[in-house]
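Examining the three-dimensional arrangement
Given next are the chains, with one letter for each unit.
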Amino acid sequence: MSIESSKGVWKSGPGRGRVRPKGRQLDDLAWSQVQDLLGQRPRRRDLLIEFLHLIQDAYGHLSAAHLRALAEEMRLSQAEVYEVATFYAHFDVVKEGETPPPALTVRVCDSLSCELAGAAQLQQALQQGLDPKAVRVVRAPCMGRCDTAPVLELGHHHIDHATPEKVLAAIS
Ligand code: FES
């Protein structure tokens, strides 16, 4: 590894070096929040998804500032962190100027077994019965629990043979 790359210097032109990568500038508060969350964990590339989960769980979404800070902390490109974060349905990436989602998300499986077991009606009933400012209802791919369809995920908890009543009981 060259001295320049080990120091994180990005070339912007012949003979010119910058101490910051191209793109979004680093937000000091977001950076210190990410450092606090990661603690003493090694900044290994294979832990990127785990770190994204830490931020998502702590803040309910992944802001542009936190993704930028995580890239800095792990010495990865912003594009790489952004691509991983947007690949997985469980991460809520919020761009600058966008409104973060409500604190609670219900993910209703809409794959075949659940669809046949009434997932669409379930989702509709939930959307009509829950306050959209407090709970977001979205579709999600198969959760591997097809034998208990319809299935949904409330936060990190699965509800098998889901009904609106079970969801309301779990929320309360
Ligand atoms: S189809 Fe819904 S859990 Fe598999």
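Our structure is the block above this text.
Overview of the structure. Residues take numbers from 1 onward in each chain, read along the sequence in its written order. For this predicted model, a pLDDT threshold of at least 70 governs which residues receive local features, and a threshold of 80 or more governs which side-chain atom pairs are given and counted, while totals over whole chains, interfaces and linings are taken from all residues. Excluded from the side-chain calculation are hydrogens and water; included are all heavy atoms of the structure.

**Some remarks on helix H7 (residues 119-129)**
Put simply, the rule is: A 1.4 Å probe rolled over the protein chains alone gives each residue an accessible area, and that area as a share of the maximum for its type sets the label: buried under 20%, exposed over 50%, partly exposed in between. Think of it this way: any DSSP run of H or I at least four residues long counts as a helix, any run of E at least two long counts as a strand, and we number them from the N terminus. Throughout, the arc means the angular range of directions from the helix axis out to the C-beta atoms. Contact criterion: two residues are considered in contact whenever any of their non-hydrogen atoms come within 4.5 Å of each other.
Turning to H7, its buried residues are Ala119, Leu122, Gln123 and Leu126. Buried residues in H7, looked at end-on, bunch into an arc of 95 degrees, giving them a common side. Residues of H7 that are exposed and angled more than 90 degrees away from the buried face: Gln121 and Gln128. In this structure, the buried residues of H7 make contact with strand E5 (104-109), helix H6 (112-116), strand E6 (135-140), strand E7 (152-154) and helix H8 (164-171).

**Quick word on unusual backbone geometry**
Along the chain, alanine 149 connects to proline 150 via a cis peptide bond; the corresponding omega equals -5 degrees. With respect to the helices, strands and loops of the structure, proline 150 is situated in the loop between E6 and E7. Despite not being glycine, arginine 75 shows a phi value in the positive range, around 55 degrees. Among the secondary structure elements, arginine 75 is positioned in the loop between helix H4 (64-74) and helix H5 (78-87). Taking relative accessible area as the criterion, arginine 75 reaches 52% and is therefore assigned exposed. A positive phi angle, near 45 degrees, is found at histidine 161, a position not held by glycine. If you trace the backbone, histidine 161 turns up in the loop between strand E8 (157-159) and H8.

**Concerning the sheet that holds E7**
Within a beta sheet, neighbouring strands are joined by backbone hydrogen bonds and run either parallel or antiparallel to one another. Selection rule: Two strands pair under a simple rule: DSSP has to find at least two bridges between them. Between the N-to-C directions of two axes lies an angle of 0 to 180 degrees, each axis being a line fitted to C-alpha atoms and, for a helix, fitted only over the stretch in contact.
The mixed open sheet is built from 4 strands, whose spatial order is E6-E5-E7-E8. Two strands in the sheet have a free side with no partner beyond their single neighbour: E6 and E8. Adjacent strand axes in the sheet meet at a mean angle of 25 degrees, parallel and antiparallel pairs treated alike. With 6 bridges joining them, E5 and E6 adopt parallel strand pairing. When the bridges of E6 are listed, arginine 107 appears paired with valine 138. Against the sheet, H7 makes contact with E5, E6 and E7, and its axis sits at roughly 160 degrees relative to E5, the strand it touches most. With respect to the sheet, H8 is in contact with E5, E6, E7 and E8, its orientation differing from that of E7 by roughly 15 degrees.

**Regarding the side chain of threonine 105**
What counts, and what does not: Polar contact criterion, stated in full: a pair of N or O atoms within 3.5 Å, where within protein one must be able to donate a hydrogen and the other to accept it, and residues adjacent in sequence count only if both atoms are side-chain atoms.
Among the secondary structure elements, threonine 105 is positioned in strand E5. At 2.8 Å, the side chain of threonine 105 and the side chain of arginine 136 are in polar contact. Contacts of threonine 105, omitting those with residues within four sequence positions, involve Arg136, Val138, Glu153, Leu154 and Gly155.

Nothing here speaks to function; it is all geometry.
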